[in-house]
Amino acid sequence: MVRLAVRPSVLGVGEPFRVVDLADWTRGESEPGGAEEKRWFTAPEASPHAGHWLFKPRRIKELTLSRERRARGDAPDLLVRGEDWAEKISYELARLINVPAAETELATVVRRFTGESVLGSISRDMRPARWAWTPGAALLAERDDEFDSESCVGHTLTAVVAVLARLKGPVGTEFADQPAFDVFAGYLVLDALIANTDRHAHNWGVLQNPSTGALCLSPSFDHGSALSSGNGDSYRAERVKTAAVERWCSKGATKRFDGQEAVGLIDLAVRALSLATQDAQRYWRQQIVGLDLHLCNDVINAAPNLSDHTRTFVQIAVATNRKRLLDDLH
């Protein structure tokens with residue numbers, strides 16, 4: 001594994017993340033798959049964001065009212081999810097531990113037919129021009145007739161090791177000559193740090209060079225479910241008020257591997273590193289050892305429009321998960 005210093009934050013003190021307005025961007029096709037509406041946008045050539053980006057809106061869900069409240073004619077309560085800030089914070093934390101990840105910004109767009117202003121995030125297309133992307137699910141299905149992406153049967157670490165054998169890390173990164181699984185193990189370390197439970201077989205994949213046909217691991221992407229983003233502000237506030245954030249972290253588990261068996265995120269990262277090279281084990285542990293929590297807090301503080309309780313929750317969660325990783329990574 002290449003040894004690199006932890007990257008410093010690109011933020012100035014107190015400088016908030018910009019919310020990119022997509023008003024003058026070219027709207028492209030919608031993206032199939034996933035539970036939320038997604039659409040590709042192309043930035044103007046003169047824009048500092050020139051290129052192709054996928055917009056994902058922050059989701060808002062109407063909650064079911066009690067019978068009494070319905071009878072009174074109360075307006076439904078709304079659960080405002082935080083996929084947008086979770087995507088941005090997770091990307092910046094990935095940078096701090098040097099995990100290759102799709103570049104992400106906060107964004108806003110006006111829906112063409114309703115005139116509604118929508119907040120969300122944009123992720124830069126991680127495919128070089130004319131390169132193809134294939135989800136891990138397709139690779140696993142070729143290897144295992146029993147693989148099923150819905151039930152997660154066949155999505156195991158040993159299977160991922162097998163399909164990534166002889167592949168290298170993401171093109172255009174410091175890991176382009178490193179074993180692909182060594183880098184994938186770093187993705188699971190990131191997941192443990194940010195409490196990302198959604199690393200299913202369509203949330204990682206490979207890129208293919210159109211000239212040579214060679215495959216390489218794609219960067220990490222789709223971290224919108226991290227950091228309790230889907231639970232709502234009141235949920236996070238309650239855990240801060242009752243000093244229960246650490247307990248919440250201890251229950252962090254994913255059902256995206258091993259046939260939907262619940263696996264602790266820390267345990268999964270440790271198991272993945274045990275299957276990687278010794279160089280990778282040392283490298284990813286050092287990235288966590290060297291992670292500066294002050295820089296993490298700078299990143300979290302730069303996310304606009306977070307409540308004080310959510311900001312505190314995220315800071316405690318990242319610090320807690322870092323400590324838990326250090327306790328278990330030998």
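The rules we used
- Residues numbered from 1 in each chain as written.
- Predicted model: local features only at pLDDT ≥ 70, side-chain atom pairs only at ≥ 80, totals over all residues.
- Heavy atoms only, no water.
- Core = buried A, V, L, I, M, F, W, Y, C linked by side-chain atoms within 4.5 Å.
- Buried < 20%, exposed > 50% of the residue type's maximum accessible area, 1.4 Å probe, protein only.
- Helix = DSSP H or I, 4+ residues; strand = E, 2+ residues; numbered from the N terminus.
- Axes fitted to C-alpha atoms, helices over the stretch in contact; angles between N-to-C directions.
- Parallel < 35°, antiparallel > 145°, perpendicular 65-115°, else oblique.
- Left-handed = near helix turned anticlockwise from the far one by under 90°.
- Contact = heavy atoms within 4.5 Å.
- Nonpolar A, V, L, I, M, F, W, Y, C, P; charged D, E, K, R; others polar.
- Arc of directions from axis to C-beta.
- Pairing = 2+ DSSP bridges.
- pLDDT = per-residue confidence, 0-100.
- 1 Å grid on protein atoms, 1.4 Å probe; cavity = no way out; pocket = protein on both sides within 12 Å on 5 of 7 lines; lining within 4 Å.
- Points joined across faces, edges and corners; volume = space filled by probe spheres on them.

Colleague: Is there a simple way to think about the nonpolar core in this case?
Modeller: Side chains that are nonpolar tend, in soluble globular proteins, to be buried together. Ile89, Leu164, Phe184, Trp204 and Leu325 are the most contacted members of the largest nonpolar core, which totals 73 residues. It is helix H5 (residues 180–194) that contributes the most residues to this core, twelve residues altogether. Among the nonpolar cores identified, the runner-up in size contains eleven residues, and Val20, Ala43, Trp53 and Ala107 belong to it.

Colleague: Looking at this model, I keep getting lost on the packing of helix H2 (residues 83–96) against helix H10 (residues 293–302). Mind explaining?
Modeller: Each packed pair of helices is defined by two parameters, the angle between the axes and the distance between the axes. Remark: H2 packs on H10, axes separated minimally by 9 Å, with the N-to-C direction vectors making an angle of 155 degrees. Between H2 and H10, the angle falls in the class roughly antiparallel. Of the two elements, H2 crosses H10, and the hand of that crossing is right-handed. Along the contact surface, H2 presents Ile89, Glu92, Leu93 and Leu96, while H10 presents Leu295, Cys296, Val299 and Ile300. When its residues are assigned to classes, the contact of H2 with H10 shows seven nonpolar, no polar and one charged.

Colleague: Please explain helix H6 (residues 233–241) as it appears in this structure.
Modeller: Listing the buried residues of H6 in full gives Arg236, Ala237 and Val240. One side of H6 carries all its buried residues, which in axial view fall inside an arc of 100 degrees. Looking at the buried positions of H6, the neighbouring elements they touch are H2, helix H7 (245–250) and helix H11 (308–328). Taken from the residues just after H6, Ala243 is the one with a positive phi, measuring 55 degrees.

Colleague: Looking at this structure, how should I read the sheet that holds strand E10 (residues 205–208)?
Modeller: Strands in a sheet are paired, the pairing made by backbone hydrogen bonds, and the direction either parallel or antiparallel. If you trace the three strands from one edge of the open sheet to the other, you get E9-E10-E11, paired in antiparallel fashion. Lying at the two open borders of the sheet, with one neighbouring strand each, are strand E9 (132–135) and strand E11 (215–217). Strand-to-strand twist in this sheet, taken as the mean axis angle between neighbours without regard to direction, amounts to 30 degrees. Summarising the sheet, E9 and E10 pair through four bridges and their orientation is antiparallel. From the neighbouring strand, Pro135 faces E10, where its bridge partner is Gly205.

Colleague: For this particular structure, what's the right way to read unusual backbone geometry?
Modeller: At Ala195, a residue that is not glycine, the phi angle is positive and equals roughly 60 degrees. Tracing the backbone shows Ala195 in the loop between H5 and E10. In this structure Ala195 comes out as buried when scored by relative accessible area, which is 10%. Positioned with a positive phi, Ser228 is a non-glycine residue whose angle comes to about 60 degrees. Looking at the secondary structure, you find Ser228 in the loop between E11 and H6.

Colleague: It is not clear to me how helix H4 (residues 157–164) should be interpreted in this structure. Could you clarify?
Modeller: Structurally, the α-helix is built with 3.6 residues per turn, so residues lying three or four positions apart point the same way. Among the residues of H4, Leu157, Ala159, Val160, Val163 and Leu164 are the ones counted as buried. Viewed along the axis of H4, the buried residues span an arc of 155 degrees, placing them on a single side of the element. On the buried face of H4, the contacting elements are helix H3 (136–143), H5, E10, E11 and helix H8 (265–275). Looking one or two residues beyond H4, the residue adopting positive phi is Arg166, at roughly 70 degrees.

Colleague: Even after reading the chapter, I still don't get the packing of H4 against H8, so can you show me in this structure?
Modeller: Contact pair H4 / H8: the axes reach a minimum separation of 10 Å and the direction vectors enclose 40 degrees. Classified by the angle their axes make, H4 and H8 are oblique. As for the relative orientation of H4 and H8, their crossing is right-handed in sense. Residues Leu157, Thr158 and Val161 of H4 form the contact with H8, whose own contacting residues are Leu268, Arg271, Ala272 and Leu275. Residue composition of the contact of H4 with H8, grouped by class: five nonpolar, one polar and one charged.

Colleague: Looking at this structure, I do not really get the sheet that holds strand E3 (residues 39–43). What am I missing?
Modeller: Pairing is mixed across the open sheet formed by six strands, whose spatial order is E1-E7-E8-E4-E3-E2. Each end of this open sheet is capped by a strand with a single partner; those strands are strand E1 (19–21) and strand E2 (26–30). Here the average twist between neighbouring strands, direction ignored, is 40 degrees. Pairing between strand E4 (residues 51–57) and strand E8 (residues 117–124): five bridges, direction antiparallel.

Colleague: Just checking my understanding: could you explain the confidence of the model for the protein for this structure?
Modeller: Of the residues in the protein, 92% reach a pLDDT of 70 or more, and the chain-wide mean stands at 91. Predicted confidence for residues 2–13 stays below pLDDT 50, and this span has 28 contacts to residues more than four positions away or in other chains.

Colleague: How should I be thinking about the side chain of Arg322 in this particular structure?
Modeller: When you line up the elements, Arg322 lands in helix H11. The residues touching Arg322, leaving out its near neighbours within four places in the chain, are Leu193, Ile288, Val289, Leu291 and Leu293.

Colleague: How should I be thinking about empty space enclosed by the protein in this particular structure?
Modeller: It is a probe the size of a water molecule, rolled over the atoms, that shows where empty space is left. Counted according to the given criterion, the structure contains two cavities of 30 Å³ or more. Approximately 40 Å³ is the volume attributed to the second largest cavity. For the lining of the second largest cavity, the secondary-structure elements that each account for two or more residues are H5 and H8. The residue inventory of the lining of the second largest cavity, partitioned by class, reads four nonpolar, two polar and two charged.

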